[in-house]
Amino acid sequence: MPENRKLKVFLCHSKDDKPKVRELYRRLVADGFDPWLDEEKLMPGQEWDLEIRKAVRESDVVVVCLSNGSTTKAGYVQKEIRFALDVADEQPEGAIFIIPARLENCQVPNRLSKWQWVNLFNEEGYEKLKISFGLRSIYLGVQKTIPQSFDFPRLPFEPQMVQIPVGKFLIGSTPEQINQAIENGADKDWIQNETPQHTVELPEYFIGKYPITNLEYQAFVQDTQLTSPREWNGDQFLTGKGGHPVVSVSWFDAISYCNWLSDKSGRQYRLPTEAEWEKAARGEDGRVYPWGAIFDSKKSNTTETKISTTSEVVKFSPQGDSPYGCSDMAGNIWEWCNDWFNETEYKLRLGSVVQDPQGPTKGIYRVLRGGSFGNNRAHARCATRLKYNPDSFNKANGFRIAS
C-alpha cells in the first residue's frame, strides 16, 4: 500500500544562488513536491545547523544545486554536501538519492561525478528531474496525501493529471461578459455561440495539468514512427522547446496519441469534452479567466504579453492556474476537445441542468478551446469556443488529455 505523503526534496545550494533556487522551490511546490528550503522552513529560534542536518537525513532525495560560484567557493554549502554524501552511503546500491543539478554551465565536482547530473538551465532538465523524482517515489512507495493530482508520472512519458470533482458548474457567457468581450475585440456575431450561460453537471474525471509538451509527444513519435510536427527535425523537436506545448497537430493526431498512451499505460486516456475542458478552466462559479474576472497579462501568453510564440507550460504557473491547478488554460495554444462543433449547441439546452454533455453526434468541425499566443484577451476567456477542421493543423493548435 503506497505511503500517503509528498516526496521530500532537500535543496542544497549556495546563498549566491538563492534567487534561482527560490524559483526551483516554487515550481516544485506547484508540482506537488515537498521541497526543503532554509528561508521557508527554518523558524526563528531554531538551531539552523541541527535543523539542516535533520532535514537532509529525513529527505527522500537531495538536489545539489551547482553553479560556477558554488563549486569553487568555500562555505556552508560544502558542509551540506559532505553530510549528504554521508547519508547517501547509507542508501541501497543504485538508489536515487543525490542529484547534482547544474543551474548554469559549470563543472560538476569530482565527489559528485558518480551520479548523472541534470541541467536546470533548460526546460528539458526540469522535466527529467521530475521523472527521477517519479522513479524515486515509486521505489519508496510514496504518493500525494490528497489525491488531487498524479504528481509523478507513472511512466516516464505519462503526463501529470489533476482530479476534477463531481458537481455542477456554469458554462458559457452572460450578456455582460459578452459585451465586455466585444469591447475587447471579440466578433459580436461569432461570440453568440457561447450563450446562453447554463448549468452542467459532470461526474469526477481527470485532466492534464498542462498541455502535452514536445518532450511528452516525442515518446509517441519515436515509438510509432508516425509523422512528427512540421517544425521538428525528424523525431527531434527544436532545442530548448521540450517544455513547450506540442503544436501543428491535427485532431486525429491528438486522438492517435491518446490511443497510444492508453495502450502503453493500461489506463484510458482521451481528449476532454468541451464541458470538461471549461469546468477545469474556470471552476464552478462562471469566472471569465482561470484566475478571476479581470484579465492580467502576467498570467497568460496572449498578444498582450508580446511573446509571439509558444512558451513553457509552467511559465505562467501557478499565478495563472485555474481553481483546480490546471495551467495554461488561457492563451499559449488552442487545445483540441473531443466534441463536434455546433454554434447553436447551448441554445438547445434551455430549461434543464445538462448531465455530462458529449456534444453533437456529427459535424464538420471539432472544437478548440483556450486562445493562443496569437490572440488577445477576448479569445483567452474560459468560455471562448472555436471551430476547426479536424484534418488540419496550425502552429497554435495543440491539446491536453483527460481520463
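Keep in mind it's a predicted model, so treat the numbers as computed, not measured. (Residues numbered from 1 in each chain as written. Predicted model: local features only at pLDDT ≥ 70, side-chain atom pairs only at ≥ 80, totals over all residues. Heavy atoms only, no water.)

Novice: Honestly, the side chain of R282 in this entry has me stumped. Any pointers?
Specialist: The topology assignment puts R282 in helix α10 (residues 274–282). A distance of 2.5 Å separates polar atoms of two side chains, one belonging to R282 and the other to E278. For R282, the side chain forms a polar contact with the main-chain oxygen of R287, separated by 2.9 Å. For R282, the residues in contact, after removing those within four places along its chain, are L170, I171, G172, Q177, Q197, R287, V288, P323, C382 and A383. (Helix = DSSP H or I, 4+ residues; strand = E, 2+ residues; numbered from the N terminus. Polar contact = N/O pair within 3.5 Å; in protein donor to acceptor, adjacent residues only side chain to side chain. Contact = heavy atoms within 4.5 Å.)

Novice: Before we go on, may I ask you to explain the packing of aromatic side chains in this structure?
Specialist: Aromatic rings in a pair are described by how distant their centres are and how their planes are angled relative to each other. Summed over the entire model, instances satisfying the criterion amount to 18 aromatic pairs. An angle of 80° between the planes, with centres 5.7 Å apart, marks the rings of F220 and Y257 as edge-to-face. Pair noted here: F220 is in helix α8 (residues 214–224) and Y257 is in helix α9 (residues 251–265), with a separation of 37 residues, a long-range link. On the basis of relative accessible area, Y257 is assigned to the buried category, the value being 0%. A ring pair is formed by Y289 and W291, whose centres lie 5.4 Å apart and whose planes are at 5°; its orientation type is stacked. In this pair, the class of Y289 matches that of W291, namely buried. By the ring-pair criterion, three or more aromatic residues cluster together here, those being F157, Y217, F220, W232, F237, Y257, W260 and F399. When the ring centre of Y126 is taken as origin, the NZ or CZ atom of R27, which lies over that ring, is 3.9 Å away. For R366, the ring lying beneath its charged end belongs to W340, and the centroid distance is 3.6 Å. (Phe/Tyr/Trp six-rings, centres within 6.5 Å; stacked < 30°, edge-to-face > 60°. Buried < 20%, exposed > 50% of the residue type's maximum accessible area, 1.4 Å probe, protein only. Lys NZ or Arg CZ within 6 Å of the ring centre and 35° of its normal.)

Novice: Explain the state of the cysteines here, please?
Specialist: Two cysteines whose sulfur atoms are joined by a covalent bond form what is called a disulfide. Inspection of every chain in the model, using the stated rule, returns zero disulfides. Cysteine C106 shares no disulfide, and the gap to the nearest cysteine sulfur, in C65, comes to 10 Å. With a relative accessible area of 5%, C106 lands in the buried category. Between C326, a cysteine without a disulfide, and C382, which holds the nearest cysteine sulfur, the sulfur-to-sulfur distance is 11 Å. You can call C326 buried: its relative accessible area is 0%. (Disulfide = S-S within 2.5 Å.)

Novice: Is there a simple way to explain helix α3 (residues 48–58) in this structure?
Specialist: Along an α-helix, residues three or four positions apart point the same way, because every turn accommodates 3.6 residues. Those residues of α3 lying buried are I52, A55 and V56. Relative to the axis of α3, the buried residues are bounded by an arc of 100° and lie together on one face. (Arc of directions from axis to C-beta.)

Novice: Which parts of the structure should I look at to understand the nonpolar core?
Specialist: One recurring pattern in soluble globular proteins: nonpolar side chains tend to sit buried together. Counting residues in each nonpolar core, the largest one holds 26 residues, and the members touching the most others are Y217, Y257, F399 and I401. For this core, the secondary structure elements donating two or more residues are α8, α9 and β12 (334–340). The leading source of residues in this core is α9, at six residues. Apart from the residues within four sequence positions on either side, Y217 is in contact with I212, P229, W232, V246, V249, D253, Y257 and F399. (Core = buried A, V, L, I, M, F, W, Y, C linked by side-chain atoms within 4.5 Å.)

Novice: In this structure, what is going on with the pattern of salt bridges? I would like to understand it.
Specialist: Pairs may arise between side chains of opposite charge once their charged atoms sit close together. All chains considered together, the criterion is met by 22 salt bridges. Notably, a salt bridge pairs E278 with R369, separated by 2.7 Å at the nearest N-O pair. Residue E278 is found in helix α10, and its partner R369 is found in strand β14 (residues 366–369); the two are separated by 91 residues along the sequence. Here E278 and R369 have matching classes, each one buried. We note a salt bridge from R400 to E335, for which the minimum N-O separation is 2.7 Å. Taken together, the residues span a long stretch of sequence, with R400 in the segment after β16 (397–398) and E335 in strand β12 at a distance of 65 residues. Across this residue pair, the class does not change: R400 and E335 are buried. Each of E274, E278, R282, R369 and R385 takes part in a single network of salt bridges with overlapping partners. (Salt bridge = Lys/Arg side-chain N within 4 Å of Asp/Glu carboxyl O.)

Novice: Explain the pairing of strand β10 (residues 198–202) to me, please; I cannot follow it from the model alone.
Specialist: Along any regular strand, the residues point their side chains to alternate faces of the sheet. Every second residue of β10 is oriented toward a common face, the buried set being H198, V200 and L202 and the non-buried set T199 and E201. In this structure, strand β9 (residues 167–171) lies alongside β10, joined through five bridges in antiparallel fashion. If you follow F169 over to β10, its bridge partner there is V200. With two bridges connecting them, β10 and strand β13 (residues 354–355) associate as parallel partners. The partner of V200 across the bridge, within β13, is V354. (Pairing = 2+ DSSP bridges.)

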